[in-house]
Amino acid sequence: MARSGGKRSGAAASGSVLGVRALNRATLARQLLLARSGRPVLDAVGHLVGLQAQNTKPPYYALAARLAEFAPERLSALMAGREVARIVTLRSTIHTHTAEDCLTLRPFVQPARDRELGAFRAGLAGADPGRIAAVARDLVEAEPRTMAGLRQALGAVWPEADPRALAVAARCTLPLVQVTPRGLWEESGQVALTTVEHWLGRPAEPAPAPDAVVLRYLAAFGPASVRDMQSWAGLTRLKAVFERLRPALATFRDPDGVELFDLPDAPRPDPDTPAPPRFLPEFDNLLLAHADRSRVVPPAHRGRNWRGNQAYRTLLVDGFLAGLWQLDGHTLVIETFEEPDRARREEVCAEGERMLAVMHPGAAYDIRFGSVART
């Protein structure tokens, strides 16, 4: 793995303590947020092990913050060409993944789908999940179906069962992708589903070895604990995998004494490496990929970028969560938790102008600052 985002910290010997800023800079470097990357879009999506995508626009803004040469049409073209797709994987949430990861990561997280199905078994009225999967596969491969359409069709086959439970069983047992135009830039479309094999025109693949996924996680989010990866993946019982890999990994401690694992040659920049402002979308994986998020979210601001189940678009300043942002008509509204000094304000404005130029070229926007009200 190429080193980037600053020099390696000489204090980061295996077994040593990594402070919050050291963890922050290491994670930003892996996330392509310390310095923008020249990677192609498809390569970046693969390196990041997907982009969280409950909403359709966040993957585009996530890449705009990370790539030196990006235009939304590039990701949209990959989606139209079926080189990336939207599918439920990590943490039972929708992600935009490369085609290869759609085929392999979905079976990797199957244990989480099995747990979800368990909560709905009573509504199946004895219907066999394997039979439901077979019928649902025929339905969605004949034509993409909405969840409502799938509920109706399955309910006609099993009238004694709860239609919602039947549709959940299909979603949990089959690798279902959202077909385009859903997810394309500046296009709209309702959620319609088919199997990943049918959409990609490729046969199913076995789940990757857990060891390989751990190494990819550390490359994109390390250094990290076992609990961190379990939180990211939505899985349990991964400790044995880390123990198996221990001889090939570097180990550290966080300030609370929690053991962290990392790739020996992964970038761990000096904690004083400058971190430019970044505008991140709602649900960005940077803020969701660790059980302990203090490497990005200061304790004073914990929970301030969420309300209920809704996440806000977030602003990073000096590598840490510092505020929220939104587009209100043709105004970029930036609300900070603390008043920035003049130099920081200018840096944030410059980054905002760049983001707008990339995501909305040719459009005129005002920039307005405000403060996030405490609740």
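Going by the structure above, here's the rest.
Presented here is an overview of the structure given in this document. Treat the numbers as computed from the prediction; the structure is a model and nothing was measured.

Overview of the pattern of salt bridges
Within the structure shown, the criterion is met by 24 salt bridges. A salt bridge links Arg 113 to Glu 116; the shortest N-O distance between them is 3.4 Å. With Arg 113 and Glu 116 both in helix α6 (residues 110–118), this residue pair falls three residues apart, about one helical turn. Relative accessible area serves as the criterion here: at 22%, Glu 116 is assigned to the partly exposed category.

Notes on unusual backbone geometry
Cis rather than trans, the peptide bond between Thr 180 and Pro 181 has omega equal to 20°. Inspection of the secondary structure puts Pro 181 in the loop between β4 (176–178) and β5 (193–195). For the bond from Gly 222 to Pro 223, the omega torsion is -5°, close enough to zero to count as cis. Following the sequence through the fold, Pro 223 ends up in the loop between α11 (210–221) and α12 (226–233). Within the chain, Arg 82 stands out as a residue other than glycine whose phi angle is a positive 65°. Phi is positive for Ala 125, close to 50°, though the residue is something other than glycine.

Description of the packing of α6 against helix α9 (residues 163–173)
As a packed pair, α6 and α9 sit with axes 9 Å apart at the nearest point and diverge in direction by 165°. The angle between α6 and α9 falls in the class roughly antiparallel. Remark: the crossing between α6 and α9 carries left-handed chirality. Contacts from Gln 110, Arg 113, Glu 116 and Leu 117 in α6 reach Val 168, Ala 169, Arg 171, Cys 172 and Thr 173 in α9.

What to know about the environment of Gly 370
Residue position: Gly 370 is located in strand β14 (residues 366–371). By relative accessible area, which is 26% here, Gly 370 ends up partly exposed. Put simply, Gly 370 and Asp 265 are 105 residues apart on the chain and 42 Å apart in space, counted from C-alpha to C-alpha. Residue contacts for Gly 370: discarding those within four places in its chain leaves Ile 334, Glu 335 and Thr 336.

Regarding the sheet that holds strand β13 (residues 331–336)
On the basis of which strands lie adjacent, the open sheet formed by five strands has the order β8-β11-β12-β13-β14 and mixed pairing. Of all the strands in the sheet, the pair left with one neighbour each is β8 (278–280) and β14. Adjacent strand axes in the sheet meet at a mean angle of 30°, parallel and antiparallel pairs treated alike. Bridge analysis of strand β12 (residues 320–328) against β13 gives six bridges, and the strand direction is antiparallel. Counted as the bridge partner of Trp 325 is Ile 334 from β13.

Observations regarding empty space enclosed by the protein
Per the counting criterion, the structure on display carries two cavities of 30 Å³ or more. Taken as a whole, the largest cavity encloses approximately 80 Å³ of empty space. Considering the residues around the largest cavity, the lining is formed by 15 residues, among which Leu 51, Gln 52, Ala 62, Asp 284 and Asn 285 are closest to the centre. When contributions to the lining of the largest cavity are tallied by element, the ones reaching two or more residues are β1 (51–52) and α3 (58–64). For the lining of the largest cavity, the element with the highest residue contribution is α3, accounting for three residues. Of the residues that constitute the lining of the largest cavity, the class distribution is eight nonpolar, four polar and three charged. A volume near 40 Å³ is recorded for the second largest cavity.

Analysis parameters
- Numbering of residues starts from 1 in each chain and follows the order in which that chain's sequence is written.
- In keeping with the predicted nature of the model, local features appear solely for residues at pLDDT of at least 70, side-chain atom pairs appear and are counted solely at 80 or more, and the whole-chain, interface and lining totals rest on all residues.
- Only hydrogens and water are removed before side-chain values are computed, so all heavy atoms of the structure are retained for them.
- Counted as salt bridges are all cases of a side-chain nitrogen of Lys or Arg within 4 Å of a carboxyl oxygen of Asp or Glu.
- For helices the rule is a DSSP run of H or I covering at least 4 residues; for strands it is a run of E covering at least 2, with both sets numbered from the N terminus onward.
- Accessible area is worked out with a 1.4 Å probe on protein chains only. A residue is then buried under 20% of its type maximum, exposed over 50%, and partly exposed in between.
- Under this scheme, a helix contributes an axis fitted over its contacting stretch, all axes are lines through C-alpha atoms, and angles between N-to-C directions fall in the 0 to 180 degree range.
- In these notes the angle categories are as follows: under 35 degrees is roughly parallel, over 145 is roughly antiparallel, 65 to 115 is roughly perpendicular, and the rest is oblique.
- Here is the rule for handedness: rotate from the far helix to the near one, and if that takes an anticlockwise turn smaller than a right angle the crossing is left-handed, while a clockwise turn gives right-handed.
- Should any heavy atoms of two residues lie within 4.5 Å, those residues are counted as being in contact.
- When DSSP finds two or more bridges between two strands, those strands count as paired.
- Method remark: on a 1 Å grid restricted to protein atoms, a set of points is classed as a cavity if a 1.4 Å probe fits but cannot get out and as a pocket if it is open with protein on both sides within 12 Å along at least five of seven lines; lining residues have an atom within 4 Å of a point.
- Grid points are joined across faces, edges and corners, and a volume is the space filled by probe spheres set on the points.
- Residue polarity is assigned by list, with Asp, Glu, Lys and Arg as charged and Ala, Val, Leu, Ile, Met, Phe, Trp, Tyr, Cys and Pro as nonpolar; anything else, Gly included, falls into the polar class.

That's the geometry; what it means functionally is another story.
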